[in-house]
Amino acid sequence: MPYHLNFNLVWKYFFDKLAWGLVMSLELAVVGIAIGIVIGLGLAVLSHGSGRAFRTLVAAYVEFIRNVPLLLLVYLVFYGIPSIGGFKYDATTSFVMTLAVYAGAYLVEVFRAGLDAIPKGLIDAGRAIGLGQVELVLHVRIPTMFRIVLPSLGNAFISLFKDTSLATVLAVPELTYGANWIYTNTFRIVEVYAVVAPMYLVTGYLLLFGLRLLERRFAIRRR
Amino acid sequence: MIDVMLKGLPFLLQGLLVTLEASGIVVVAALVVGVVLGIGLSYGPRWIAWPIRLLSDFVRGLPLLVLIFSIFYMLPLTGWQISNFASALAALAVFETAHVSEVARGAIQSIHPGQNEAGKAIGLTFSQRMLYVILPQALRRFLPPWINTVVDTVKGSSLLALVGIVDLMLSIQQVIGRTFKPMPMYVLGALIYFAINYTLSQISRRLEARFAYVRE
């Protein structure tokens, strides 16, 4: 193969483009899932005790987001909505919002399943000690549910972390954007991706490992 | 808005066909290779199962976009003359194959080991046991999640636009490049993707309900 590997150019831009890119990717994922949890949890709790119209609306949201490519949603939110709304937002804000709405659609289902999986005895116990409807949700349902859904939540986060790579199309300076920047400026494509792929892999598996530890810590123990 | 959509629609058809073609090829390739790898993961000796596990975890640990960029740009460096369409498809196929192999492994391992042992006891060879005992039973566990990977393939094929394949996604962009009216075209594109994927998701859900009676 008449190609000589040269990593020097990659190392030259490593901190500026790749390391900080990775930090940016993680930030996008964290903010995205945080807002996604609010959306998902809100809709799951609300649709628990509400009528059919609201539930149909939630189902429409979930089905729409799940069956449309994320890339299209990213474009739609960044280029489409401002074009009819007559306002503008920067690429990072737009991407994080897209990611949050996307995560929310997946998390509604996760939280709904979690709420359904709470043992009836716990809720009865809560009633028995005189908790009201709101207290029951805040002190019994939601804390128990979070323990149940922690594994799914962790997987959603890792998958969201990988999805942040799409932010490159809006020139948000995350890891994939950094990789493509180095590639277009130095043409060192093999070297760049030989460095970037392990960065994604190692981060992803470290997150997975950390989340598994967290799960073990919060697992519901039965005597 | 509607008139912009109707005007743009004919320009999307070619792209839609490319999306369907790409997804179709990838789905078939990933199905064939993925099931074989899934069998390897479940029944292979360590020297077969281990490399498959490593490869599958590697591929599934990467963002699809990163995989597409790396494979698309690196394949030509091997000196292999390959069209950009084939190169992009290869990337998507590798990703989907890894996912199908996990689905197949899950389906196969959900079959009670006694079934395999019973097959051995009546003297069936490995391929007979697979063909007549394990795979027919694993099928109902396999189909619903497999259709979900088909949905993922259709969605994932939109990333091929980023390496210059003129699929539905890129033809939407091209129409917008001429009309400067992004919203109608994005909504139209979303509806087309939705129509394809929602149909598939519903089939998956039906099958899951249909097979729910099976209890081990």
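Sequence order sets the numbering: in each chain, residues are counted from 1 along the sequence as written. Think of it this way: whatever chain is written first is A, whatever ligand is written first is 1, and the rest follow in order. Note on the predicted model: pLDDT of at least 70 is required for a residue's local features to be given, and 80 or more for side-chain atom pairs to be given and counted; whole-chain, interface and lining totals, by contrast, use all residues.

## With respect to the overall build of chain A
In step 1: Under the scheme used here, helices are H or I runs from DSSP no shorter than 4 residues and strands are E runs no shorter than 2 residues, and both carry numbers assigned from the N terminus. Secondary structure summary: chain A contains 9 helices and 0 strands in total.
In step 2: Sequence-ordered secondary structure for chain A, helices as α and strands as β, is α-α-α-α-α-α-α-α-α.
In step 3: The buried share of chain A, reckoned over its 223 residues, is 35%.
In step 4: When contacts within chain A are restricted to residue pairs at least 6 apart in sequence, those whose partners lie at least 24 apart make up 78%. Exposure criterion: with C-beta atoms placed from backbone coordinates, a residue whose C-beta has 20 or more other C-beta atoms within 10 Å is buried, one with 12 or fewer is exposed, and one in between is partly exposed. Once C-beta atoms have been placed from the backbone, residue pairs whose C-beta atoms lie within 7 Å are recorded as contacts.

## Quick word on the overall build of chain B
In step 1: Along its length, chain B carries 8 helices and 0 strands.
In step 2: Moving toward the C terminus, one meets the helices and strands of chain B in the order α-α-α-α-α-α-α-α.
In step 3: Its C-alpha atoms put chain B at 70 × 45 × 25 Å along the principal axes.
In step 4: For chain B, with 216 residues in total, the buried portion stands at 41%.
In step 5: For chain B, contacts bridging at least 24 residues in sequence account for 75% of all contacts bridging at least 6.

## Some points on the nonpolar core
In step 1: Residues A:Leu72 and B:Ile68 are the most contacted members of the largest nonpolar core, which totals 110 residues.
In step 2: Sequence-distant contacts of A:Leu72, that is, excluding residues within four places in its chain, are made with B:Ser158, B:Met169, B:Tyr186, B:Gly189, B:Ala190 and B:Tyr193. Working definition: the nonpolar core is a set of buried Ala, Val, Leu, Ile, Met, Phe, Trp, Tyr and Cys residues, joined through C-beta atoms within 7 Å.

## Brief notes about the interface of chain A and chain B
Much of the literature gives interface size as the accessible area that the parts lose upon coming together.
In step 1: Every contact between the two is made by 30 residues of chain A and, on the other side, 29 residues of chain B.
In step 2: Going through the elements one at a time, helix H3 (52-66), helix H4 (70-85), helix H7 (133-163) and helix H9 (189-218) of chain A are the ones with two or more residues in the side of chain A that touches chain B.
In step 3: In terms of residues, the side of chain A that touches chain B owes the most to one element, H9(A), which gives 9 residues.
In step 4: In the side of chain A that touches chain B, the residues fall into 21 nonpolar, 6 polar and 3 charged. Gly falls in the polar group here, along with every residue not listed as nonpolar (Ala, Val, Leu, Ile, Met, Phe, Trp, Tyr, Cys, Pro) or charged (Asp, Glu, Lys, Arg).

## Details of unusual backbone geometry
Residue and element names in this part refer to chain A.
In step 1: The phi dihedral of Ala-171 is positive, around 60°, even though this residue is not glycine.
In step 2: The residue Ala-171 is located in the loop between H7 and helix H8 (175-186) in this model.
In step 3: Note on Ala-171: 12 C-beta atoms within 10 Å, which makes it exposed.
In step 4: Look at Phe-187: it is not a glycine, yet its phi comes out positive at around 60°.
In step 5: On the basis of neighbour counts, which here come to 12 C-beta atoms within 10 Å, the residue Phe-187 falls in the exposed class.

## As for the packing of H4(A) against helix H5 (residues 91-116) of chain A
Residues and elements named next belong to chain A.
In step 1: Closest axis-to-axis distance for the H4/H5 pair is 9 Å, and the angle between their directions is 130°. Taken together, the axes of H4 and H5 lie oblique to each other. Considering the relative orientation of H4 and H5, their crossing is right-handed. Where H4 abuts H5, its residues Leu-70, Leu-73, Val-74, Val-77 and Phe-78 lie against Ala-91, Ser-94, Phe-95, Met-97, Thr-98 and Tyr-102. Note on geometry: axes are lines fitted to C-alpha atoms, helical ones only across the stretch in contact, with angles between N-to-C directions running from 0 to 180 degrees. Each angle is binned into one of four classes, with values under 35 degrees roughly parallel, values over 145 roughly antiparallel, values of 65 to 115 roughly perpendicular, and all other values oblique. A crossing counts as left-handed when the near helix is turned anticlockwise from the far one by less than a right angle, and as right-handed when that turn is clockwise.

## What to know about the environment of A:Thr186
In step 1: Along the chain, A:Thr186 turns up in helix H8.
In step 2: With 177 residues separating them along the chain, A:Thr186 and A:Leu9 place their C-alpha atoms 7.0 Å apart.

## Topic: H4(A)
In step 1: Over its 16 residues, H4(A) extends 21 Å from the first C-alpha to the last, a length consistent with the 22 Å expected when each residue adds 1.5 Å.
In step 2: Axes are fitted to the seven residues ending at a residue and to the seven starting at it; the angle between these axes is taken as the bend at that residue. Of all the bends found along H4(A), the most pronounced is centred on A:Leu76 and spans about 40°.
In step 3: Taken together, the buried positions of H4(A) are A:Leu71, A:Leu72, A:Leu73, A:Val74, A:Tyr75, A:Leu76, A:Val77, A:Phe78 and A:Gly80.
In step 4: Buried positions along H4(A) lie against H5 of chain A together with helix H7 (168-179) and helix H8 (182-210) of chain B. Residue count minus one, scaled by 1.5 Å, sets the expected span of a helix.

## Thoughts on the environment of B:Leu20
In step 1: Checked against the element boundaries, B:Leu20 lands in helix H1 (residues 2-43).
In step 2: Sequence separation of B:Leu20 and B:Ala30 is 10 residues, and the distance between their C-alpha atoms is 15 Å.

## Side note on the packing of helix H6 (residues 120-128) of chain A against H7(A)
Residues and elements named next belong to chain A.
In step 1: Contact geometry for H6 and H7: axes closest at 10 Å, N-to-C directions at 160°. By the angle class used here, H6 and H7 are roughly antiparallel. Every pair of crossing elements has a handedness; the one defined by H6 and H7 is right-handed. Residues Leu-122, Ile-123 and Gly-126 of H6 touch H7, and the partners they reach there are Leu-136, Val-140 and Thr-144.

## Things to note about the confidence of the model for chain A
In step 1: Values of pLDDT, the confidence the predictor places in each residue, fall between 0 and 100. When the pLDDT values of chain A are averaged, the result is 91; 98% of them are 70 or greater.
In step 2: Of all secondary-structure elements in chain A, the lowest mean pLDDT belongs to helix H1 (residues 8-12) of chain A, at 86, while H5(A) reaches the highest, 94.

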